[in-house]
Amino acid sequence: MSETAEQPANDPPRAITRLPQDVSALAITATLAVVVLSIFLGVFGPRIGNHPGLTVGVPLSELALAVESRHGERFVNAVHANSGAQLAKEEAETALAKIISTPITLPDLERDGGWVSVDAVALPGGRAAVLFAQFPASRGFDYVTICVFNDEDRFTVYNPFGRPIGLPDGEVFVVEPVSEFGGTMIVAWRDSALVWVLAGGEIELLESLEGWIHASAFEKPLVREVEETPTPEDSR
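As the structure is a prediction and not an experimental result, all values here were calculated from the model. Residue positions are given per chain, counting from 1 as you read along its sequence in written order. Only residues with pLDDT of at least 70 are given local features in this predicted model, and only at 80 or more are side-chain atom pairs given and counted; all residues enter the totals for whole chains, interfaces and linings. Side-chain descriptors were evaluated using all non-hydrogen atoms of the structure, hydrogens and water having been removed beforehand.

A. Up close: helix 3 (residues 89–100). Secondary structure elements are taken from DSSP: a helix is a run of H or I of four residues or more, a strand is a run of E of two residues or more, and numbering for both begins at the N terminus. Here the expected span of a helix is defined as 1.5 Å times the quantity of residues minus one. Compared with an ideal rise of 1.5 Å per residue, which puts 12 residues at 16 Å, helix 3 spans 17 Å between its outermost C-alpha atoms and is within 8% of the ideal. Only protein chains enter the area calculation, which uses a 1.4 Å probe; residues under 20% of their type maximum are buried, those over 50% are exposed, and those in between are partly exposed. Buried within helix 3 we find Lys-89, Ala-92, Glu-93, Leu-96, Ile-99 and Ile-100. Down the axis, helix 3 shows its buried residues gathered within 130 degrees of arc, on one side only. Should any heavy atoms of two residues lie within 4.5 Å, those residues are considered in contact. Elements in contact with the buried residues of helix 3: strand 2 (114–123), strand 3 (126–137), strand 4 (140–150) and strand 9 (194–200). Downstream of helix 3 by one or two residues, Ser-101 has phi in the positive range, about 60 degrees. Here, the arc refers to the directions that run from the helix axis to the C-beta atoms.

Here it is, written out as structure tokens:
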């Protein structure tokens, strides 16, 4: 006589799960593949912050690094060439206007220095006109690179709360790029429809050049002088 194990009356019934024999291996393989793919994309895939649809513009720090690199290239070439060749102010203005399609009055550097070259360069934020200038110094020359962009709200800085905002109009920013080169300062500002970025090794020279550029751009009086109409007493 065989004995049958009886389930205690007070124990809840236990469900018995049966996996289909023909899909278990395929399901496990597919699950493992999804997990491996997810890990791969998480490690090697693009970061969410780098997605093109989420960009908020080019940070000024990134632009400063790129301009510093361009300045370094021109500095090395100028030191090795040592030609002292200069462009006339009118030549530099004509070349600049062709690149940015905007006429600009540049400061006259004949007494203090000279314009060396003007060309178009692709930089973070778009195409820019790049001017290169030299100034007499105690040991040869000091060199300055000037980049001019048409403003399209492409450059950003951070407000006191750490939020990116568009480059404010008329406010001057001084940046010292953190790079392996060192020794280069960046002065940048937005002036109505243009963005100016200056790079060089002497901050005093950059600040002076920034003032010269403003003075040249607004050399015409902002207030028109009007002659007073003579009174009858004055005509006597």
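B. Region of the structure containing the pairing of strand 8 (residues 185–191). The buried count for strand 8 comes to seven of seven residues, which makes it a mostly enclosed element. Side chains Met-185, Val-187, Trp-189 and Asp-191 of strand 8 all project onto a buried face; the interleaved residues Ile-186, Ala-188 and Arg-190 project onto the opposite face, where all are buried too. At least two bridges found by DSSP between two strands are what make those strands a pair. Sheet topology places strand 7 (residues 173–175) next to strand 8; three bridges connect them, and they run antiparallel. When the sheet's bridge partners are listed, Val-174 is paired in strand 8 with Val-187. Both strand 8 and strand 9 contribute to a ladder of seven bridges, which runs antiparallel. Each bridged residue has a counterpart across the sheet, and for Ile-186 the counterpart in strand 9 is Ala-199.

C. Structural context of the nonpolar core. Note on terminology: a nonpolar core comprises buried Ala, Val, Leu, Ile, Met, Phe, Trp, Tyr and Cys residues joined through side-chain atoms within 4.5 Å. By size, the foremost hydrophobic cluster in this structure holds 26 residues, and its most contacted members are Ile-146, Val-148, Trp-196 and Leu-198. Those elements that provide at least two residues to this core are helix 3, strand 2, strand 3, strand 4, strand 8, strand 9 and helix 4 (203–217). If we skip the residues at most four places from it in the chain, Leu-198 touches Thr-145, Ile-146, Met-185, Ile-186, Val-187, Trp-189, Leu-206, Leu-209, Glu-210 and Ile-213. Grouped together as the second largest cluster of nonpolar side chains are 22 residues, Leu-60, Ala-128, Ala-188 and Val-195 included.

D. How the structure looks around the sheet that holds strand 2. If you walk across this open sheet you meet the six strands as 2-3-4-9-8-7, and the pairing is antiparallel. Across the chains shown, the open sheet's two edge strands, defined by having one partner strand only, are strand 2 and strand 7. Between one strand axis and the next, the sheet turns by 20 degrees as a mean value, whatever way the strands run. Where strand 3 and strand 4 come together, nine bridges link them in antiparallel fashion. Residue Phe-135 lies in a different strand from strand 4, and its bridge partner there is Asp-142. Contacting strand 2, strand 3, strand 4, strand 7, strand 8 and strand 9, helix 2 (residues 60–81) runs over the sheet at an angle of about 140 degrees to strand 4. For helices, the axis comes from a line fit to the C-alpha atoms of the stretch in contact; other axes are also lines fit to C-alpha atoms, and the angle between any two N-to-C directions lies between 0 and 180 degrees. Against the sheet, helix 3 touches strand 2, strand 3, strand 4 and strand 9, its axis set at about 10 degrees to strand 2.

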